[in-house]
Amino acid sequence: MEINEILTGDSNQISDFLGKTYKFECLGCEIATKKIVPPGGIIYEDETFILAIDPVIPINGFLVITAKRHINSITELSKEEQYKLVEIINKTILILKDLKIAKEITLVQEERSKHFHMWIFPNQDWMIEKFGKGVSYLRDICEYAKQTVSSDDIQEILKTIEKIKIAYKKELIDNYKN
């Protein structure tokens, strides 16, 4: 499958980075209803969004926020949903930086996708050294990660997911106390 098909939702089948293959009408809807659960499971969920690792691209800390409603654009979110989205983005970036997964983050949301999702893409040293900085390299980085992933990389990704889940739970508990 071409990386472009994954990015635009023009395919109706994926294989996750653990090798499990899924068929679907809308990947976002399948994740929202948990018919497809990305490797490592759901990191965070509320009434509007799900946060999980990207199921196809094996990059440590590469997370995706998926809307539960079948919408296409951030402009279709209510004001309350937009605030919640920003809150999730902010918490997630702080956690990724606190865990030293990335010093810089790139956010991506393309309206040509069939279901609203936002990438929280960790800009890691190896990416900058091999490809440089900037959005123009994201497809190349994703393709490279798919082609070169090792079992050690996958184990590290799964460990990181657990660390992020713990950090999210701690964040929620700390906010509840305050």
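Right above here is the structure, for reference.
Here goes a summary of the coordinates provided.

What counts and how
Residues numbered from 1 in each chain as written. Predicted model: local features only at pLDDT ≥ 70, side-chain atom pairs only at ≥ 80, totals over all residues. Heavy atoms only, no water. Pairing = 2+ DSSP bridges. Helix = DSSP H or I, 4+ residues; strand = E, 2+ residues; numbered from the N terminus. Axes fitted to C-alpha atoms, helices over the stretch in contact; angles between N-to-C directions. Contact = heavy atoms within 4.5 Å. Salt bridge = Lys/Arg side-chain N within 4 Å of Asp/Glu carboxyl O. Buried < 20%, exposed > 50% of the residue type's maximum accessible area, 1.4 Å probe, protein only. Disulfide = S-S within 2.5 Å.

### Quick word on the sheet that holds strand E4 (residues 49–53)
Line of reasoning, step 1. Pairing in this open sheet of five strands is antiparallel, and the strands run E3-E4-E5-E7-E6 from one edge to the other. Bordering the open sheet on either side are strand E3 (42–45) and strand E6 (104–108), each of which pairs with just one other strand. Strand-to-strand twist across the sheet, computed as the mean angle between neighbouring axes with direction ignored, equals 20°.
Line of reasoning, step 2. By the bridge criterion, five bridges tie E6 to strand E7 (residues 117–123) in an arrangement that is antiparallel. Counted as the bridge partner of isoleucine 105 is proline 122 from E7.
Line of reasoning, step 3. Along the sheet, helix H5 (residues 138–148) contacts E6 and E7; its crossing angle with E7, the most-contacted strand, is approximately 75°.

### Re the pattern of salt bridges
Line of reasoning, step 1. Evaluated as defined, the whole model comprises nine salt bridges.
Line of reasoning, step 2. Glutamate 104 serves as the salt-bridge partner of lysine 133, at 3.2 Å between the closest nitrogen and oxygen. Remark: glutamate 104 occurs in strand E6 and lysine 133 occurs in the loop between helix H4 (125–131) and H5; sequence separation between them is 29 residues.
Line of reasoning, step 3. By relative accessible area, lysine 133 is classed as exposed at 53%.
Line of reasoning, step 4. When the shortest N-O distance is used, the salt bridge between lysine 165 and glutamate 162 registers 3.3 Å. A residue pair is termed a helical-turn pair when its members lie 3 or 4 positions apart in one helix, as lysine 165 and glutamate 162 do in helix H6 (residues 151–177) at three residues.
Line of reasoning, step 5. Looking at glutamate 162, the relative accessible area reads 40%, which means it is partly exposed.

### So, the state of the cysteines
Line of reasoning, step 1. Evaluated as defined, the whole model comprises zero disulfides.
Line of reasoning, step 2. For cysteine 26, which is in no disulfide, the shortest distance to another cysteine sulfur is to cysteine 29 and amounts to 3.6 Å.
Line of reasoning, step 3. For cysteine 26, a relative accessible area of 13% gives the class buried.

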